[in-house]
Amino acid sequence: MERTLCLIKPDAVQRGLMGAVVSRVERKGLQIVGLRMLKASRELAAIHYAEHQGKAFYPKLIDYITSGPIVALCVQGHRAVSVLRAIVGKTDPAEAVSGTIRGDFGMCKGRNVIHASDSVDAAKREIELYFGQDELIDFDWTIYEWVYRED
Ligand SMILES: Nc1ncnc2c1ncn2[C@@H]1O[C@H](COP(=O)(O)OP(=O)(O)OP(=O)(O)O)[C@@H](O)[C@H]1O
Ligand SMILES: [Mg+2]
């Protein structure tokens with residue numbers, strides 16, 4: 001079982017897409033084990049996106065992610081990291097295929113609706129940035145056997 005971090009970015013919150021995004025995640029068969037609304041500080045944004053420091057788009061990225069409230073979700077499932085990336089779609093929503101979240105809800109990289117961790121290691125680091133241990137709930141998921149079947 002893997003956990004990954006999803007952020008509903010400020011554009012999606014402002015556009016009233018929180019429910020639609022959460023619904024896509026749930027419908028896929030991923031379990032939400034943590035959920036929190038916050039306004040990211042520039043310090044938090046800088047730690048989260050440290051790998052992009054020095055790139056041309058970095059200042060705009062920090063402005064974007066700190067421009068309004070976001071929603072952090074900790075999402076759990078088998079291969080959750082790659083599965084969430086797949087339903088999120090390509091970084092540029094203009095190129096993301098229809099049926100993905102970015103493909104259906106966005107138009108450009110600077111307003112791309114959602115973040116998803118890109119590796120198991122990144123997920124672990126990012127989840128710890130947004131959630132304390134007591135904010136993640138390890139609950140019995142009653143639909144588990146209707147989502148997964150070992151074969
Ligand atoms: N060329 C660019 N111009 C403007 N913004 C960009 C550009 N490249 C990336 N970004 C922004 O920086 C974020 C981080 O870029 P990254 O390469 O990690 O893409 P990603 O992994 O698909 O996105 P995220 O990390 O937010 O899930 C992108 O989601 C996007 O908001
Ligand atoms: Mg990334």
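Presented here is an overview of the structure given in this document.

Reading guide: rules and limits
Residues numbered from 1 in each chain as written. Chains lettered and ligands numbered in written order. Predicted model: local features only at pLDDT ≥ 70, side-chain atom pairs only at ≥ 80, totals over all residues. Heavy atoms only, no water. Near = heavy atom within 4 Å. Polar contact = N/O pair within 3.5 Å; in protein donor to acceptor, adjacent residues only side chain to side chain. Areas by Shrake-Rupley, 256 points an atom, 1.4 Å probe, with all protein chains shown as cover. 1 Å grid on protein atoms, 1.4 Å probe; cavity = no way out; pocket = protein on both sides within 12 Å on 5 of 7 lines; lining within 4 Å. Sits in = over half its atoms within 2 Å of the grid points. Helix = DSSP H or I, 4+ residues; strand = E, 2+ residues; numbered from the N terminus. Buried < 20%, exposed > 50% of the residue type's maximum accessible area, 1.4 Å probe, protein only. Pairing = 2+ DSSP bridges. Core = buried A, V, L, I, M, F, W, Y, C linked by side-chain atoms within 4.5 Å. Contact = heavy atoms within 4.5 Å. Patch = residues over 30% accessible without salt bridge, like charges linked within 9 Å, V, L, I, M, F, W, Y side chains within 5 Å. Salt bridge = Lys/Arg side-chain N within 4 Å of Asp/Glu carboxyl O.

**Considering the site of ligand 1**
Close to ligand 1 lie 13 residues; Tyr49, His52, Thr91, Asn112 and His115 are nearest. Contact between ligand 1 and lysine 9: an oxygen atom at 2.9 Å from a side-chain N or O atom of the residue. Here tyrosine 49 contributes a side-chain N or O atom positioned 2.7 Å from an oxygen atom of ligand 1. Bound to the protein, ligand 1 loses 80% of the 580 Å² it would expose on its own. Judged by its atoms lying within 2 Å of the grid points, ligand 1 is housed in the largest pocket. Those elements giving two or more residues to the shell around ligand 1 turn out to be α4 (58-65) and β4 (114-116).

**Brief notes about the pairing of strand β1 (residues 2-8)**
Counted residue by residue, β1 has five buried out of seven residues, so it is predominantly covered. Where β1 and strand β3 (residues 70-77) come together, seven bridges link them in antiparallel fashion. Pairing of arginine 3 across the sheet is with glutamine 76, part of β3.

**A look at the nonpolar core**
Ranked by size, the top nonpolar core spans 23 residues in total, and within it Ile8, Leu30, Leu73, Leu84, Ile101, Val113 and Ile114 carry the most contacts. Here the element with the most residues in this core is helix α5 (residues 80-88); it accounts for five residues. Contacts of isoleucine 114, omitting those with residues within four sequence positions, involve Cys6, Leu7, Lys9, Val21, Val88, Ile101 and Arg102. Membership of the second largest hydrophobic core comes to 13 residues, among which are Ala40, Leu44, Cys74 and Tyr130.

**Focus on a nonpolar patch on the surface**
On the surface, Ile143, Trp146 and Val147 cluster together to form a nonpolar patch covering roughly 360 Å² of accessible area. You can see tryptophan 146 is positioned in helix α8 (residues 144-147).

**Considering the pattern of salt bridges**
In this structure the tally under the stated criterion is four salt bridges. With a closest N to O distance of 3.1 Å, aspartate 63 and arginine 42 form a salt bridge. Of the two residues, aspartate 63 is situated in helix α4 and arginine 42 in helix α3 (residues 42-48); the sequence distance between them amounts to 21 residues. With a relative accessible area of 42%, aspartate 63 lands in the partly exposed category. Accessibility expressed as a relative area gives 45% for arginine 42, which makes it partly exposed. Here lysine 124 makes a salt bridge to glutamate 128, at a shortest N to O gap of 3.2 Å.

**Quick notes on unusual backbone geometry**
Residue arginine 79 is not a glycine yet carries a positive backbone phi of 55°. Along the chain, arginine 79 turns up in the loop between β3 and α5. On the basis of relative accessible area, arginine 79 is assigned to the exposed category, the value being 60%. Phi is positive for valine 113, which is not a glycine, with a value near 75°. Looking at the element boundaries, valine 113 is found in the loop between α6 (101-105) and β4.

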